[in-house]
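Fold and geometry: a report
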Amino acid sequence: MPTSKRPPSNGSKKSGAAAKAAARASDSGPAAPPPGDIDDAPAQQAADINATVAAMPYNPTKPAEYGHDNARAPSEGAHNPPASALVGASTLAETNHSDKTGRAATAGRNPTVDPLDRVRVDATGQPLTTNQGVGVADNQNSLKAGLRGPALLKDFILREKLTHFDHERIPERVVHARGSGAHGIFECYEPLTKLTRAAPFQEAGKITPVFVRFSTVAGERGSKDTPRDVRGFAVKFYTDEGNWDLVGNNMPVFFIQDAMKFPDLVHAVKPEPHHAMPQAASAHNTFWDFIGLMPESIHTIMWLMSDRAIPRSFRMMQGFGVHTFRFVNAEGASVFVKFHWNPILGTHSLVWDEAVKIGGADPDFNRRDLWDAIEAGEYPSWELGVQIFSEEDAEKYSFDVLDSTKIVPEELVPVRPIGRMTLNRNPDNFFAETEQVAFCSAHVVPGIDFTNDPLLAGRIHSYVDTQLSRLGGPNFHEIPINAPIAPVQNNQRDGMHRQAIHRGSVSYEPNSLAGGCPFQTGVAGYVPFPEPVHQDEVRGKPEKFAEHFNQATLFYESQSAPEQAHIVAAFRFELSKCTVPAIRERMVSMLRNVSESLAAQVAQGLGMALPEPMPRALANPPAPEITRSPALSLLARPGDGGIRTRKIAMLVADGVDGEAVASTQAALLAAGAVPRLVGSRIGPVKPAAGDTLDADASMENEPSVLFDALVLPAGEAGIAALARDGHTAEFIKDQYRHGKTILALGGSRSLLDDAGIPVTLVDGSPDPGILVGAEESLTSSVKAFIEAVARHRHPERETDPPRV
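Report on the accompanying structure. Computed from a predicted model, the values in this text were never measured in an experiment.

**What about the overall build of the chain?**
- Along the backbone of the chain there are 21 helices and 18 strands.
- In terms of overall dimensions, the chain has a C-alpha envelope of 105 × 80 × 55 Å along the principal axes.
- Taken over 804 residues, the chain has a buried fraction of 47%.
- In the chain, 73% of the contacts between residues at least 6 apart in sequence involve partners at least 24 apart.
- Of the roughly 37900 Å² of accessible surface on the chain, 55% is carried by carbon and sulfur atoms.
- Separation of charge centres in the chain, based on 77 positive and 97 negative side chains, amounts to 4 Å.

Here you go:
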């Protein structure tokens, strides 16, 4: 129930009619300050406000706004404690509370940054209502004039429901539209106080909450998970000094050097505007036309044509900050830093034929993989590593560290592990969290600063700007998923969808009416690194930016032979989709500057003569420091060597050896894998002996490409039944073609023969991924199978074109 109370009065206070009357007018006031001992709340408020203002007769921090030294170490803003709680009150009626208004505001607190449980909704056991809280008696029928009469305009419940439905969608992101997210934590390994004052790195064991969003770049929100594309890897750190967004990709380099070209890049890779094709793909004229005219893109293109562009799982891909940033410590000293996320499960990929088929079988393949792993308690983890180097060291490199098309090879600057991130909670609501989360390169905290990377400069602007359209205005920071856990107090007001209800009359700084609050923090807050600038204002690029090919060559030469073959095949596929031969010719001419072998193989695959090499922008390029970097191969990070979360198909049919199936499934489960019984149809399967098996998947609804390995059963009758199903040979062929491990128990070797699967490699040596096990040696066969599956796949099996 509402209450009506004023602040309690002090019986010893005086009664002053003039002061009381003056305090009840808001359009004028007396010349003299009111006395401070009036037994009246309005008069007491006026007196306390005057006393608070009088405590600041001038702005004592004004002199500190000028000069270089003050700019390096800004002063804390002038502030005084208010004379009483009445000073900050918007209204003296704030003590009158109800179930809606609640109590008066708590000094210094902004509840919009409280944990997300403040906005979680659970309707369990609750009746249906409108958005205004009115109970809905009938949610099945609109209001009509008679059972067969016209619908009535006054049906406000129908109108509210339809109106909200009509406006449920918000604009999707221009790029990175298709994404998946999860909550987690970051734990720091050791204090980095000598390098940075950034909050997450101040002590060993410090925990910082995070929200991570993975995404594809080119596709629309409803596109598939497995196109050949860059993947976004964005991490929001909810630090105790504000939010820091490390907004990166699964590739450490980018296509362009300057943000001026970003709209052109995106326009080129998006569906062509005259017919809106292709969706979520780069294999078309406009993209390769643009790339062929932008040789600085070739390094990123090498990554894009590699298996990095089709990761097996978000949990099995690296992440990079892309740009060179700064660490700044408490003394103001700075070093350059590059950020690396390395997955504990290792870096693993799909092959192209597999990715294409998965896109049709399960467009949500990566999204489902992330969700299922977290729900099963298999929390994915990444180690955060940094490359630290000085500006003086950077000047010596043959490349420019401000060029986002370049890496700093790990042989030059090793990656230092500094912490571990674990994702341990799926979102409650995809739209409210994953879709509405707003990342921005400009969101940094004290201790993290920018460099003069011209691509980074544009991102600092662009990310904020796009949220204004997507999320309805400047208050997107108040959407719960975006709110920091650090206190938020400032003088920003109003705007669309404002949530905070600010108390008091002051919304500017400096002020004395609120005792100077909120006041600037001085050096305790964000102080930009004072990088000296003495340059002309020009539009251009440094000379080092003109070297485009050294690192593209480095990447290609650092790949294993199967990875190089995949790059060749990717270029062949992509360029074959271009309908303009001159575009292909230009790209192959560019590739001659990367690798003669690569260019020759691509030209041969396209049925064209090898063109002359493309002229270089830099006629005499510098010699690279590094010509081969093993760390650039996916094989450099095999992971922990286990098979946890790997999905394994176990084909079953009536008449299989049920005991062998059950014991094999149990052993695989014990190893952390997800072994599923796959039949011609889902449902009961009667083995030759023992309890009925239950196939929870079929070769129709869960095709071969959705599994990481395959077990073929023992049992003569079961093998015969599988042989009669045409899906079986297709299932086995895809497992073989995609380099996966196959275990054939008992007589199921005949299923391999029926599918035309050789058990040896081209050179006649045994295929390490084809295991034929006798029933009497089941335990050792399963053990060997687990070890083979841990390799992820067997690329030595591949031929071009495929044997099977």
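**Considerations on the side chain of Ser595**
- Within the secondary structure, Ser595 sits in the loop between helix H15 (581-591) and helix H16 (596-605).
- The class of Ser595 is buried, set by a relative accessible area of 6%.
- With sequence-adjacent residues up to four places away left out, Ser595 is seen in contact with Tyr556 and Glu557.

**Concerning the pattern of salt bridges**
- The final tally for this structure, using the stated rule, is 43 salt bridges.
- We note a salt bridge from Arg173 to Glu435, for which the minimum N-O separation is 3.9 Å. Of this pair, Arg173 sits in the loop between helix H4 (156-166) and strand E1 (179-188) while Glu435 sits in helix H11 (residues 430-435), and the two are 262 residues apart along the sequence.
- Taking the relative accessible area as the measure of exposure, Arg173 reaches 10% and is therefore buried.

**Here we look at the pairing of strand E11 (residues 647-651)**
- Within E11, five of the five residues are buried, leaving the element largely enclosed by the surrounding structure.
- The alternating pattern of E11 places Lys647, Ala649 and Leu651 and Ile648 and Met650 on opposite faces, both of which are buried.
- Relative to strand E12 (residues 674-679), E11 runs parallel, the two sharing five bridges. Bridge pairing in E12 links Met650 to Leu677.
- Once you follow E11 into helix H17 (residues 658-670) and on to E12, the crossover reads as right-handed.
- Note that E11 and strand E16 (residues 709-712) share three bridges and pair parallel. By the bridge assignment for E16, Met650 is matched with Val711.

**Quick look at the packing of H17 against helix H21 (residues 778-789)**
- Running from N to C, H17 and H21 cross one another at 40°; their axes reach a closest spacing of 11 Å. Considered as vectors, H17 and H21 are oriented oblique to each other. Crossing handedness for the pair H17 and H21: right-handed. Across the interface between the two elements, Ala660, Ser663, Thr664, Ala667 and Leu668 of H17 pack against Leu778, Val782, Phe785 and Ile786 of H21.
- Looking at the contact of H17 with H21 residue by residue, the classes come out as seven nonpolar, two polar and no charged.

**Points about helix H12 (residues 454-470)**
- In this model H12 runs 25 Å from its N-terminal to its C-terminal C-alpha over 17 residues, within 8% of the 24 Å that 1.5 Å per residue would give.
- All buried positions along H12 are accounted for by Leu455, Leu456, Arg459, Gln467 and Arg470.
- Lining the buried residues of H12 we find strand E4 (242-249), strand E6 (325-328) and H11.

**Some points on the pairing of E6**
- Side chains Phe325 and Phe327 of E6 all project onto a buried face; the interleaved residues Arg326 and Val328 project onto the opposite face, where all are buried too.
- Examined bridge by bridge, E6 and strand E7 (residues 334-343) share four bridges and lie antiparallel to one another. Paired with Val328 across the bridge in E7 is Ser334.
- In this structure, the hairpin formed by E6 and E7 is closed by a connection of five residues, where Gly332 is found at a positive phi of approximately 90°.
- Two elements, E6 and strand E10 (residues 448-449), share two bridges in a ladder whose sense is antiparallel. In the sheet register, Arg326 faces E10, and the bridge partner there is Asp449.

**Notes on the packing of aromatic side chains**
- Tallying each qualifying case throughout the model produces 27 aromatic pairs.
- Taken together, a centroid distance of 6.3 Å and an interplanar angle of 80° make the contact between Trp303 and Phe320 edge-to-face. Placement of Trp303 in helix H7 (residues 298-304) and of Phe320 in strand E5 (residues 319-320) is noted, with a sequence separation of 17 residues between them. We note that Trp303, like Phe320, is buried.
- Every member of this aromatic cluster is reached through a ring pair, and the members are Phe186, Phe201, Phe214, Phe233, Phe237, Trp244, Phe314, Phe325, Phe327, Phe339, Trp341 and Trp382.
- Taking the ring centre of Phe439 as reference, the NZ or CZ of Lys236 above it sits at 5.2 Å.

**Topic: unusual backbone geometry**
- Of note, the amide linkage connecting Glu509 to Pro510 takes the cis form, showing an omega dihedral of 5°.
- For Pro510, the location among the structural elements is in the loop between H12 and helix H13 (550-557).
- For the bond from Cys517 to Pro518, the omega torsion is -10°, close enough to zero to count as cis.
- Within the secondary structure layout, Pro518 lies in the loop between H12 and H13.
- Here His176, not a glycine, exhibits a phi torsion of approximately 60°, which is positive.

**Some words on the environment of Asp393**
- Counting through the fold element by element, Asp393 comes out in helix H10 (residues 391-396).
- Spatially, the C-alpha atom of Asp393 lies 9.7 Å from that of Phe336, the residues being 57 residues apart in sequence.

**Some points on the sheet that holds strand E15 (residues 697-698)**
- Spatial strand order, E15-E12-E11-E16-E17-E18: six strands in an open sheet with parallel pairing. Strands with a single pairing partner mark the edges of an open sheet, and in this sheet they are E15 and strand E18 (770-773).
- On the sheet, H21 packs against E11, E16, strand E17 (741-745) and E18 and is oriented at approximately 170° with respect to E17.

**Considering the nonpolar core**
- Core analysis: the biggest nonpolar cluster contains 54 residues, and Phe255, Trp288, Ile301, Met302, Phe571 and Leu598 have the highest contact counts within it.
- When contributions to this core are tallied by element, the ones reaching two or more residues are helix H5 (262-269), helix H6 (285-292), H7, H13, helix H14 (561-576), H15 and H16.
- Not counting the four nearest positions on each side in its chain, Ile301 is found in contact with Phe255, Phe287, Trp288, Ile291 and Phe571.
- Residues Cys188, Ala198, Phe233 and Trp244 belong to the second largest nonpolar core, which totals 35 residues.

**What about the packing of H6 against H15?**
- At their nearest, the axes of H6 and H15 sit 9 Å apart, and the two run at 40° to each other. As summarised for this structure, H6 and H15 are arranged oblique, according to the angle between their axes. Crossing hand, H6 versus H15: left-handed. Within the contact between the two elements, H6 uses Asn285, Trp288, Asp289, Ile291 and Gly292 and H15 uses Ile583, Arg586, Met587 and Met590.
- A per-class count over the contact of H6 with H15 returns five nonpolar, two polar and two charged.

**A closer look at the environment of Ala717**
- Topologically, Ala717 is positioned in helix H18 (residues 716-723).
- Those residues in contact with Ala717 that sit more than four places away from it in its chain are Asp654 and Gly655.

**Concerning the side chain of Glu574**
- Structurally, Glu574 can be placed in helix H14.
- For the buried Glu574, no salt bridge exists, and the shortest N-O distance to an oppositely charged side chain is 4.2 Å, to Arg228.
- A polar atom in the side chain of Glu574 sits 3.2 Å from the backbone nitrogen of Ala283.
- Beyond its immediate stretch of four places on either side in the chain, Glu574 contacts Arg228, Ser282, Ala283, Trp288 and Met305.

What counts and how
Within each chain, residue numbers correspond to sequence positions counted from 1 in written order. Local features in a predicted model are, by the rule used here, given only for residues with pLDDT of at least 70; side-chain atom pairs are given and counted only at 80 or more, and totals for whole chains, interfaces and linings are based on all residues. The side-chain values count all of the structure's non-hydrogen atoms but skip hydrogen atoms and water molecules. Helix and strand definitions here come from DSSP, where helices need a minimum of 4 consecutive H or I residues and strands a minimum of 2 consecutive E residues; each element is numbered from the N-terminal end. The rule is simple: take the accessible area with a 1.4 Å probe, protein chains only, and divide by the maximum for that residue type; under 20% is buried, over 50% is exposed, in between is partly exposed. By definition, residues are in contact when any of their heavy atoms lie within 4.5 Å. Reported accessibility uses the Shrake-Rupley method at a 1.4 Å probe radius. Residues are deemed covered only where the shown protein chains occlude them. In this tally, Lys and Arg are treated as positive and Asp and Glu as negative; His is ignored, and so are the chain termini. Think of each charge as sitting on NZ of Lys, CZ of Arg, CG of Asp or CD of Glu. The salt bridge criterion pairs a side-chain nitrogen of Lys or Arg with a carboxyl oxygen of Asp or Glu, the two atoms within 4 Å. When DSSP finds two or more bridges between two strands, those strands count as paired. Classification remark: right-handed applies to a crossover when, strands pointing away from the viewer, the course from the first strand over the helix to the second runs clockwise. The angle between two axes is taken between their N-to-C directions and runs from 0 to 180 degrees, where each axis is a line fitted to C-alpha atoms and a helix contributes only its stretch in contact. Angles are sorted into four bins: roughly parallel if under 35 degrees, roughly antiparallel if over 145, roughly perpendicular if 65 to 115, and oblique for all others. Here is the rule for handedness: rotate from the far helix to the near one, and if that takes an anticlockwise turn smaller than a right angle the crossing is left-handed, while a clockwise turn gives right-handed. In this count, Pro and Cys sit with the nonpolar residues alongside Ala, Val, Leu, Ile, Met, Phe, Trp and Tyr, while Asp, Glu, Lys and Arg are called charged and the others, Gly among them, polar. Under the convention used throughout, the expected extent of a helix is 1.5 Å for every residue step, that is, one less than its residue count. Within 6.5 Å between ring centres, the rings of Phe, Tyr and Trp (the latter by its six-membered ring) count as paired, and their orientation is classed by plane angle as stacked under 30 degrees, edge-to-face over 60, tilted in between. A ring is considered to have a charge above it if a Lys NZ or an Arg CZ atom is located within 6 Å of its centre and within 35 degrees of its normal. To form a nonpolar core, buried Ala, Val, Leu, Ile, Met, Phe, Trp, Tyr and Cys residues must be joined to one another through side-chain atoms within 4.5 Å. Here a polar contact means two N or O atoms within 3.5 Å. Within protein one must be a hydrogen donor candidate and the other an acceptor candidate, and residues neighboring in sequence count only if both atoms are side-chain atoms.

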